[in-house]
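# Working through the structure, step by step
Listed here are the chains, written in short residue letters.
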Amino acid sequence: MSKLFGFSGDDDFCPGGSIYPNPKESSLFLSLGHHVDVYFPPRKRSRISAPLVFTEKFERKKEVSIEVLPDECLFEIFRRLPAGQERSACACVSKRWLTLLSNICRDEFSSNSNIENLKPEEKVTENKAEDQEIESDGYLSRSLEGKKATDVRLAAIAVGAASHGGLGKLAIRGSNSTRRVTDVGLRAIARGCPSLKVLSLWNVPSIGDEGLCEIAKGCNLLEKLDLSQCPEISDMALIAVAKNCPNLTDLTIESCSKIGNEGLQAIGRCCSNLKSISIRDCPLLGDQGIANLLSSTSYVMTKVKLQALNITDVSLAVIGHYGKAITDLVLVGLPNVSERGFWVMGNGHGLQKLKSLSITSCRGVTDIGLEAVGRGCPNLKQFCLRKCAFLSDNGLVSFAKAAAALESLQLEECHRITQFGFFGILLNCGAKLKALAMVNCLGIKDLNLGLPLQAPCKSLRSLSIRNCSGFGNASLAVLGKLCPQLQHLDLSGLQGITDSGFLPMLESCEAGLVKVNLSGCVNLTDKVVLSLAEMHGWTLEMLNLDGCQKISDASLVAIAENCPLLSDLDLSKCMITDCGIAALANANQLNLQILSVSRCYSITDKSLLALGKLGQTLVGLNLQHCNAISISTVDLLVEQLWRCDILS
């Protein structure tokens, strides 16, 4: 031992020379015993600089330092540290110590180091504390983004998390441009954080199979894995995860060009608890991988999302036959799936539990295929259809008749849908339809159809028609009679409707409107707001008049007098002045929480007192581009309304 501390650094520590015959070719892993492997990165020999100690003969001596110890000795010291706090303190000394500590597996620490010197009663207390820590599931969550994502930070997390209950969730988004996250950082997490359950890797091109394989071997409790834009991760890593992480329940793979069918097949064979799968833009994945995965997890898989894949009708046939437990299904951008694929999926009779279905940009969605889907999914409640150019009115009406349990329907950019299809849904849907939305459907034209009104859709509570330029007064008048129980109404972007079409609809609504969005309806005037406030003011909670340039102070007076429950009001780009703001401030029962007057150029500094009074209940105030309000006034409002978030 005296030789150890008297070692000056000039001579070899080992009398027999280097422990390796050729140091340059030696392995980076040094075996220290049974099942003990430690990673030692290549480093230069430590140079010890010690101050001079002057004596009578001016002899030069060097002070004794722990830095003269080789990594092997430091490893033996670190693995005997008594607790996590001491290890964290040692990790702060230098990068060398941090690297050594982060590469020691948790089971390599001396099991008796914490309690061998305790009294019997203290040992019992220590054991109870450990049990509580394991059972509480109170694991830490860490997220590294951009420049903060480096191997050094991951090593620090691996060491520090051990003294705080362990790491349960880790997200890495991007990496440092000069010091990227690599497999070395993931190796530190794998060795120091066996409690890891959730791992997300987004846009980390420097991480490959080696790092994820280490995670699979060291973190057997992993439940959720999210891989996005990881071009160096291949099937080999996914196979390692499948073999070592049987508790995996959630898997997301996006833009991973090296992952193919083999990795997905391994997940299907080994991960019997997998409940959710999301795959996007993986060119090597095809029908073989999807079919094997879904057929192997037929009774546990509940959520499936397939986007931008080279799959064909075969995959949809497997979904229709083996998707016995699927409740949520999303299909996006599948160009190789034809009408036959959707028809077979609907007639497979396996989607009996499907409740939510979303289809986007799939050419195979036609009238025949959609009708088959409606009949094959008897419990479907939510359906969203986007950018399906070959669907017509006949297919939509047939689907509405078949899907008797449907509660919510959304159509977006389906340009072959006309008024016949829209009103056909309302006339033929089941008694459970509660929400209907149409967005950017340019096939709708304002026509007098003369539809029968014997069976109105009394179950509909929410209606949204946005940016459908052909929807006008004639359609709106019929709509009010068909939907008398509406509570939420969104007509944003309908420039063709005027007071003459909207007023009859207000009169037809019997239940009382709660949320109304009229943004972009440039032809509506104060008459609409006056009628809305008088007829539905007692239920109205949200009103959006953004861009309604014909709305003036008269509307604000009516709102102040008749809308006691109104909490959210948007008056952006309206012709209101200081008088209108004063009317709102003087209301006796109004309790606004969010107010937007952006681009209301007639509001000036004179509204300071009124806005201050409104601010007693406001939590959000938008004053952007109100050029007549000075900066000093805004500063006073910010100081006065300290609880309110003010945008200026």
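One can find the structure itself at the top, above this paragraph.
Below is a short write-up of the structure. Only a predicted model underlies this, so the values are computations on that prediction, with no experimental measurement involved. (Residues numbered from 1 in each chain as written. Predicted model: local features only at pLDDT ≥ 70, side-chain atom pairs only at ≥ 80, totals over all residues. Heavy atoms only, no water.)

A few words now on the overall build of the protein chain. Counting secondary structure elements, the protein chain contains 23 helices and 22 strands. Within the protein chain, the fraction of its 648 residues that count as buried is 49%. The contacts of the protein chain with a sequence gap of at least 6 include a subset with a gap of at least 24, amounting to 81%. (Helix = DSSP H or I, 4+ residues; strand = E, 2+ residues; numbered from the N terminus. Buried < 20%, exposed > 50% of the residue type's maximum accessible area, 1.4 Å probe, protein only. Contact = heavy atoms within 4.5 Å.)

Once that is clear, we can look at the packing of aromatic side chains. For the coordinates displayed, the defined rule picks out 3 aromatic pairs. Counting every residue linked through ring pairs, the aromatic cluster contains Phe422, Phe423 and Phe471. Across from the ring centre of Trp642, 5.7 Å away, lies the NZ or CZ of Arg643, which sits over that ring. (Phe/Tyr/Trp six-rings, centres within 6.5 Å; stacked < 30°, edge-to-face > 60°. Lys NZ or Arg CZ within 6 Å of the ring centre and 35° of its normal.)

Remark: helix α8 (residues 209-218) packs on helix α9 (residues 235-244), axes separated minimally by 8 Å, with the N-to-C direction vectors making an angle of 0 degrees. Judged by the angle between their axes, α8 and α9 are roughly parallel. For the pair formed by α8 and α9, the contact residues are Asp209, Leu212, Cys213, Ala216 and Lys217 on the first element and Met236, Ala237, Ala240, Val241 and Asn244 on the second. Looking at side-chain class alone, the contact of α8 with α9 contains 7 nonpolar, 1 polar and 2 charged residues. (Axes fitted to C-alpha atoms, helices over the stretch in contact; angles between N-to-C directions. Parallel < 35°, antiparallel > 145°, perpendicular 65-115°, else oblique. Nonpolar A, V, L, I, M, F, W, Y, C, P; charged D, E, K, R; others polar.)

A few words on helix α6 (residues 151-160). Among the 10 residues that make up α6, 7 are buried, leaving the element largely enclosed by the rest of the structure. Taken residue by residue, α6 has Asp151, Leu154, Ala155, Ile157, Ala158, Val159 and Gly160 as its buried positions.

A word on the environment of Ala533. By the element assignment, Ala533 lies in helix α19 (residues 526-536). Looking at Ala533, the relative accessible area reads 2%, which means it is buried. In this structure the C-alpha to C-alpha distance between Ala533 and Glu561, which are 28 residues apart in sequence, comes to 8.4 Å. If we skip the residues at most four places from it in the chain, Ala533 touches Ala558, Ile559, Asn562 and Cys563.

Right, let's get into the state of the cysteines. Under the definition given, this model contains 0 disulfides. Between Cys271, a cysteine without a disulfide, and Cys270, which holds the nearest cysteine sulfur, the sulfur-to-sulfur distance is 6.3 Å. (Disulfide = S-S within 2.5 Å.)

Shape is all these values report; function is a separate question.
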